[in-house]
Amino acid sequence: MSATAANHDSRHPLLTALVLALVVAAMNIGLWWWGNLPHGPDDWHGKIGGFSLSVFQRYQSPFKPNDFPGNDDIAADLKLLHRYTDNVRTYTMQQNPQLYRLAQKEGLKVMAGAEIDKRLDNNEREIALLIAKARAYPDTITRVIVGNEVLFRNDLTPEQMMTYLDRVRAAVHQPVSIAEPEYIWLKYPELADHVDFITIHIFPFWNGIPVVTNALDPAQRSPALNAALGSYQVVQQRFPYKSVVVGEIGWPSNGDRHEHADPSVSNEAIFIRDWLLAAKQRNIDYYLMEAFDQPWKENLGEGRTGAYWGIFNADRQPKFPFTGPVTEDTAWPWKAIAASLLALLPMIFFARRFSRFKLMGRLFFCMLIQLACGLITWSATLPFNFYLSWIDWTMLVLLFPAQVAILAILLINGFEFTEVLWRPKWMRHAGMLTPDPPEKQPFVSIHLACYNEPPEMVIVTLDSLAALDYTNYEVLVIDNNTKDPAVWKPVQDYCEKLGKRFRFFHLEPWPGYKAGALNFGLKETDPQADVVAVIDADYEVRADWLATLTGHFHDPKVAVVQCPQAHREFEHNTFRRMTAWEYDGFFRIGMHHRNERNAIIQHGTMTMVRRNALEGTGGWSEWTICEDAELGLRLMHAGYDLVYVDELMGKGLTPADFKAYKSQRYRWAFGAMQILKGRWSWMTQRGPLSAGQRFHFLTGWFSWFADALHLIFTLMALFWTAGMVAYPQYFSLPMQLFLIPVIGFFFAKAIFGIVLYRARVPCSWYDTLMASLASMGLSHAIARGILHGLTREKTSFVVTAKSRRLGGSNFAAFAPVREEGLMAIALMLCIVGMAEGYGTRYIEGTLWMFILAAQSIPYVSAVVGAWIAHKAGDKAG
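These numbers come from a predicted model, not from an experiment.

1. What to know about the overall build of the chain
Consideration 1: Along its length, the chain carries 28 helices and 18 strands.
Consideration 2: A compact globule built from 877 residues should have a C-alpha radius of gyration of about 29 Å, whereas the chain, at 37 Å, is more than 25% larger.
Consideration 3: Principal-axis analysis of the C-alpha atoms gives the chain an extent of 120 × 65 × 50 Å.
Consideration 4: Counting the 877 residues in the chain, one finds 56% classified as buried.
Consideration 5: Here the analysis covers contacts within the chain between residues at least 6 apart in sequence; of these, 78% occur between residues at least 24 apart.
Consideration 6: As presented, the chain carries roughly 37700 Å² of accessible surface, and 59% of it is formed by carbon and sulfur atoms.
Consideration 7: Across the chain, the centroid of the 82 positively charged side chains sits 4 Å from that of the 84 negatively charged ones.

2. Looking at the sheet that holds strand β15 (residues 566–567)
Consideration 1: The strand order β13-β18-β15 describes an open sheet built from 3 strands, whose pairing is mixed. Looking at the sheet topology across the chains shown, the edges are occupied by β13 (540–541) and β15.
Consideration 2: Bridge analysis of β15 against strand β18 (residues 650–652) gives 2 bridges, and the strand direction is parallel. If you follow His 567 over to β18, its bridge partner there is Gly 652.

3. Overview of a nonpolar patch on the surface
Consideration 1: A grouping of Leu 15, Val 19, Val 23, Met 27 and Met 367 is seen on the molecular surface, where their side chains present a nonpolar patch of about 410 Å² in accessible area.
Consideration 2: Examining the composition of the nonpolar patch, we find that 4 residues originate from one element, helix α2 (residues 13–35), more than from any other.
Consideration 3: As for its placement among the helices and strands, Val 23 is situated in helix α2.
Consideration 4: On the basis of relative accessibility, which here comes to 39%, the residue Val 23 falls in the partly exposed class.

4. Thoughts on the environment of Ala 547
Consideration 1: In this fold, Ala 547 is placed in helix α16 (residues 545–549).
Consideration 2: C-alpha separation for the pair Ala 547 and Glu 524, spaced 23 residues apart in sequence, amounts to 23 Å.
Consideration 3: Once you skip the residues sitting within four places of it in the chain, Ala 547 turns out to touch Pro 435, Asp 436, Asp 469 and Tyr 470.

5. Details of helix α4 (residues 99–106)
Because each turn of an α-helix spans 3.6 residues, side chains separated by three or four positions end up pointing in the same direction.
Consideration 1: Those residues of α4 not exposed but buried are Leu 99, Tyr 100, Leu 102 and Ala 103. The buried residues of α4 occupy one face: seen down the axis, they fall within an arc of 160 degrees.
Consideration 2: Buried residues along α4 sit against α3 (71–82), β3 (109–114), α5 (120–136) and β4 (141–148).
Consideration 3: Remark: Gly 107 follows α4 within two positions and exhibits a positive phi of approximately 90 degrees.

Quick notes on the rules
- Residues numbered from 1 in each chain as written.
- Predicted model: local features only at pLDDT ≥ 70, side-chain atom pairs only at ≥ 80, totals over all residues.
- Heavy atoms only, no water.
- Helix = DSSP H or I, 4+ residues; strand = E, 2+ residues; numbered from the N terminus.
- Rg over C-alpha atoms; globule rule 2.2 N^0.38 Å.
- Buried < 20%, exposed > 50% of the residue type's maximum accessible area, 1.4 Å probe, protein only.
- Contact = heavy atoms within 4.5 Å.
- Areas by Shrake-Rupley, 256 points an atom, 1.4 Å probe, with all protein chains shown as cover.
- Lys, Arg positive; Asp, Glu negative; His and termini not counted.
- Charge placed at Lys NZ, Arg CZ, Asp CG, Glu CD.
- Pairing = 2+ DSSP bridges.
- Patch = residues over 30% accessible without salt bridge, like charges linked within 9 Å, V, L, I, M, F, W, Y side chains within 5 Å.
- Salt bridge = Lys/Arg side-chain N within 4 Å of Asp/Glu carboxyl O.
- Arc of directions from axis to C-beta.

In C-alpha cells:
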C-alpha cells in the first residue's frame, strides 16, 4: 500500500472499515449468485404422460395406524395434477380406496396397481379389490398392474406371479401387466406371455450415471437420458409384439449421491425436461416417478434419496419450472443477504478497531468473518431442504452448537494469524534494559522448588545462579516431600558450599504441591526482597538475567516480567528436538499475540514477580495445579501490567520421554479448566479485566477445547461408522452439512499453524513438521485433561521427568499411548469397513473416509512420537 493510501487509511479508519465490509459482503453475494447460476434445459410445453402417485401428505405415513389423507386432500392433489396430466398410476388397492371415485369425478385416467409381496393372504385381498374396482370404474381405470418390483425384491417366484397375472387377466377387461426393472423382463422373457403390455422401470440414477457431462460430443452430454432411452429400446426390440410402458422414470432432487449420479433440483429439472421432450419425439408411454415427495420413504432402504423423487415437494409446491432457466436454490438471494448482514457489523468493528493492521490483514479477517457467517446461514437453512424427523432435528440442535464452536475456534485462530502476519509492529514490545548500578538494583529472592529431582541436574542450575552478574539476590531451594535423603542431601550440602546467599529447606510432609512449597519460600524470603523470581530445577540461566530485566520493576504498574520457556541439549536427540520446537511455537507466536492486550500466560519458570503484588493478592494458589497461570490472571485482575521479554535468558530440559511429555500437557489442560471454573465470573463479567484480557483468557484455551471436541466427535464417528457398515438400512451417510465445515476447519488449522511457524519460529521445515507431529500427538492427553478438569475438582500434581528413565522393550514403548493406539486401530478399521461397504460410490462416503483418516492423525502421531522417544532414549543410553 502506498504512503498516500496509508495516510488516508489512518485518517479515515471508519470509512475504510465500511468500504472493506461492503466489498466483502458484495463478494459474498457474488459467490452465492455464482453457486446458483441458472441452468437452461430446453422448455417443455404441453401435458405430461402420467405421474406415479402416492397421496400421503407431508407428515403422514402408511406405517402409522389411521394416518391416511382425507377426501379433501386427495381431491386437491388430483385437481393439481390434472393441470399437468390426464393419467396417474397407483400402487395399492387397500390404502385410500376412495381415490378411484375421486379420480372419476376429476376426469383422470388411472393405471391401478395391486400391492403384491410375501404376504399371501394380503395378496388375495389386493387382487380381489383390484378386480372389483376395475369392474366398478371401467372408464377411469384403464390399465391394471399386478405387483410392483416383486421379482426384483425376490418376494415371489416368476411362476407365482404368472398365476396371479392370468387370474386378473381373466377377470377384467382392462390390459394387465406387472411392473419390473428392464433387466427382469430380459431375465424372465416368459413373463411377456402372461401380460397385455410390458411395464418397465428405468432409473439411471441408481446406475450411477450422471445427468450431464462436459463432453464436446452432443450425444454424450446427457448420459442419463441416453441410458434411459437405451434401456427402453432394448426391451422394445426384445418384445416387438408388445407395447412398452415406462411405469417409473425420474431423478431425485436431494439425498445421497450415488456413484456419479448427483441428486439436485437442477439435475432433476434437466433430466425430466430432456426426457419429456425425448419421449414426445419417440411417442413413448410413461409415468414420471413421482408426483409428490414422500418423506416416509426415507425408511425404505434407499436412504435420504427415497423421499425426494417428486416433481412437487411434500407441501405440493413445484420444485422447478417446465420453461425457462432452473435455479438450484431459489431462496439464495435472501440467504446471501442474511449472511452479509450477519457479518456486516462484526466486519466494520474489526476493520475499525484494528485499523493499525495492514490492509491485506483486515481484508483477510473480514473475509474469514464473512465465511463463518455464510457457513452459519447455510447450516441453519440447509436442513429445511430435507424432510427431517424429530430425531433428526434433535441431532441437528445438538450438533449445530458444535459447528458454531468450530467456526469460533477458526476465527480465534484466524485473529492470531492475522495479527502475527499483518501487524506493522508489536505495540507492547519489551526488551533488555541497561543494568542498574548495584545501589539501585531491586533485591531479588530466587525460589527454586524441587521434588525428587536428580541432584546433579539441580547442581547445574545452582551453579548458573551462583554465576549471576547481580549483587542483590538470594536463592531459596525448597525441596518438598522427597523421600530419599540420597536425592535431597547432596543438594543441601551443595547449597551450604555455595555460601550464605543460598538457603536450603527440606519439607516433609508438605501440602499444596509446588504452590505449597513456593508459599513456604515466600514466608522465608529476605524482608528486603522487592522481587521474587521462580525457575525450574533444570534451568541454566544467563548471567545477565536479573541485571537486564529487573529495571522493568521501576514502573510501579509492572507486577511480572516473564521470559520464554526455552530448552537446551536437544539438538542431537530427535524426540527432545521435536518437543523443544513445539514449545517454542507458543512463546514466539501466542505469547506475543496475547501480550498486545496485556494478557500473557505467566509460567512457573523464568518469571519474576513484584513481591508486594504477590503477597497482596494472596500468594500462590494451592487450589489449582497451574498456580503460575492463575497468579498472572489474578495480578491482571488487580490492575497490574505483565511484561513479556522474548529473550532466551534461561534454558531447561525437555521432558525425558513421551509419558512425561503427555503428563505435563494433561496437567496444564486440567489446571486451565480449574482456573476457568474458579475465575469464571472474572472472565465473563465486566470488571477490572479489560475486554482484551477477558477475550484471551476465555478463548485462549479454545484450541484445547477443540481437542476435547475431537475426542467426542471421534467416539461418535466410530459408533456411527460401525452402524453404517453393519446396519446400513438404519444408519445413513452423514450429510455434507456436517462434513464440509469439519474438513475446512482441519485444513485451515493446519495451514494457519504451519504458516505461522515458518514466519515466527527460527527452525527448518523438517523441524516445523516434527513439531507439528509432537503437537498433534498431545491431542488425546489434552482432551482428557479438559474433560477431567471440567468434571473433577482436583488431580495429582505429577512432576515432569526431565532425566532419562531406564528403557524397556520395544513393546513397552507404546505403553504411554495405549488409548491412542486403540483409537488409531479402530479408525483404520472403520476406513477399511467403509471402503469395502461403500467404496467411492458416494461423495459423502469418500468425504467421511477422509474425515476418519484426518481424525486418526493425532492418534497415529502419538504412537509415532512414543516410538521416536523410545528409540531416541536408546541412542542416548
